[in-house]
Amino acid sequence: MPTDTDIFESLRLELRRGTLILAVLAQLREERYGYSLRQALQAVGVEIDEGALYPMLRRLETQGLLASEWREEDKRKKRFYQLSDEGRRVLARLADEWRAINAALEPLL
Amino acid sequence: MSDLIDRYLAAVAALLPKAQRQDIAAELRDLIMNRVEETEGRLGRRLDKRETEDLLREIGHPIAVAGRYGPRQSLIGPELYPFWEFAVKVMLVIAAMATFIPGGVLLVIGDADAHRIGGLFGDFVSLAFSLVGVATLVGAAIERGWIKVDEFAKWKVADLPHIPRGRPLFAKSRFDAVFELAALALFVGWWTGAMKFPIGAMFDAGRGDLKVILAPVLTTFYWPILVLALLQMVSAAITVIRPGAVRARAAAEIVCALGGVALVAVLWPAQPLIVFQAPEGAYAALGNLRRSVDLSIQVILVVMAAISLTTLAVNAWRLARGR
């Protein structure tokens, strides 16, 4: 039988799933590679597991929301990601959606 | 340390799609090296073998890591799952019926021993696993878009069955139709020899020289019986897919009922439909069994004729009224 903590954790994960994509897209207005993206998210208080982050970046790129290229930095090849034009448009729409949801929910909470 | 990382990356890479293997492995290597450098910076020294192992374990088992890059995580997704679960329940009922009804018959005709009864459970498990496996394969194919079910996805409320004012006599629910469809599919599988069922034990296994076989007339009417079963499947499929299409269902049922009446008409004079072959002495001892089986067949044919005629009348009425 799941405990209250289990239920809370599962609901929290469900709640966070969509918002993480929003945070990742927002951070990639500026070009970053995976590790630096994770650090940037951590710095603003958004924790994301690397195991979820890297496949997410690939999916977003496949969907055409990100563009990427391999470059050498600190003597190592790194894959840099950035929002594509389509990604910028989608992010703007998602941000509007987020604000609308937030505005609607805030008085209820 | 480098050897451990290389081995870890090779294990992940082996499980990745070939086209992306190098790319993903290179990115993972960068991630791992960043993590190593970060940890070494914090400790102020190089990582030893055990610490490197801990770090790699933290990133995840190679199967789990490679799995996250796959295009899809689930065999049957949450939207399809209720349909798959429903299909599995129907399949289990069908498997139980296809196994235990012939088993019951074997018991009644006294041809059941402990070994055969025990074998029935094995047959049930084997048939149930096969049917559930087929349902799962079909579900996985639908999930991946290999089988298109656009028509099913575009269902209309108007296609749902009318709410009966009291359940009308001879009305067929969607569940009944799904059940009928699955049962007919199994019958067609058995009739065409495409599938083996425990029911075969009734016909091709006997005690010593005793053989229980289908009468030649059934072989003569192989194609009409098969066509009739397929037509009945079409009728059941209409009920499943478009339960609101009353006239189409009624027309299909009328065709099947006419076929049923015709089949009874040709089979009745050709009895017995199940033939026993045995040595002279043993054959005489089978008198009671032969009479019971012949009587059962006659009852089945009479019931079949009655059902076909009633179906004909009811569906002619439905065809005229459109409801």
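Small disclaimer: the values here were computed from a predicted structure and weren't measured.

Cut-offs and rules
Residues numbered from 1 in each chain as written. Chains lettered and ligands numbered in written order. Predicted model: local features only at pLDDT ≥ 70, side-chain atom pairs only at ≥ 80, totals over all residues. Axes fitted to C-alpha atoms, helices over the stretch in contact; angles between N-to-C directions. Helix = DSSP H or I, 4+ residues; strand = E, 2+ residues; numbered from the N terminus. Parallel < 35°, antiparallel > 145°, perpendicular 65-115°, else oblique. Left-handed = near helix turned anticlockwise from the far one by under 90°. Contact = placed C-beta atoms within 7 Å. Core = buried A, V, L, I, M, F, W, Y, C linked by C-beta atoms within 7 Å. Buried ≥ 20, exposed ≤ 12 C-beta atoms within 10 Å, placed from the backbone. Expected span 1.5 Å × (residues − 1).

A. Layout of the packing of helix α11 (residues 222–241) of chain B against helix α12 (residues 246–267) of chain B. Residue and element names in this part refer to chain B. Contact geometry for α11 and α12: axes closest at 9 Å, N-to-C directions at 155°. When the axes of α11 and α12 are compared, the pair comes out roughly antiparallel. Our pair here, α11 against α12, has a crossing hand that is left-handed. Residues Pro224, Ile225, Leu228, Leu231, Gln232, Val234, Ser235, Ile238 and Thr239 of α11 lie in contact with α12, whose contacting residues are Ala248, Arg249, Ala252, Glu253, Val255, Cys256, Gly259, Gly260 and Leu263.

B. Representation of the nonpolar core in the model. In this structure, Leu28 and Leu66 of chain A together with Val12 of chain B are the most contacted members of the largest nonpolar core, which totals 23 residues. Only α1 (4–27), α2 (34–43), α3 (50–62) and β3 (76–83) of chain A together with α1 (2–13), α2 (18–43) and α4 (62–68) of chain B provide two or more residues apiece to this core. The element that contributes the greatest number of residues to this core is α2 of chain B, accounting for four residues. Contact partners of leucine 66 of chain A, with chain neighbours within four places excluded, come to Leu28, Leu57, Leu60, Glu61, Tyr81, Gln82, Leu83, Ser84 and Gly87 of chain A. Judged by nonpolar contacts, the second largest core, of 10 residues, contains Trp84, Leu127, Leu131 and Leu186 of chain B.

C. Just α3 of chain A, in detail. With 13 residues, α3 of chain A extends 18 Å from end C-alpha to end C-alpha; this agrees with the ideal 18 Å at 1.5 Å per step. Buried positions along α3 of chain A lie against α2, β2 (66–73) and β3 of chain A together with α2 of chain B. Following α3 of chain A by one or two positions, glycine 64 of chain A has its phi on the positive side, about 85°.

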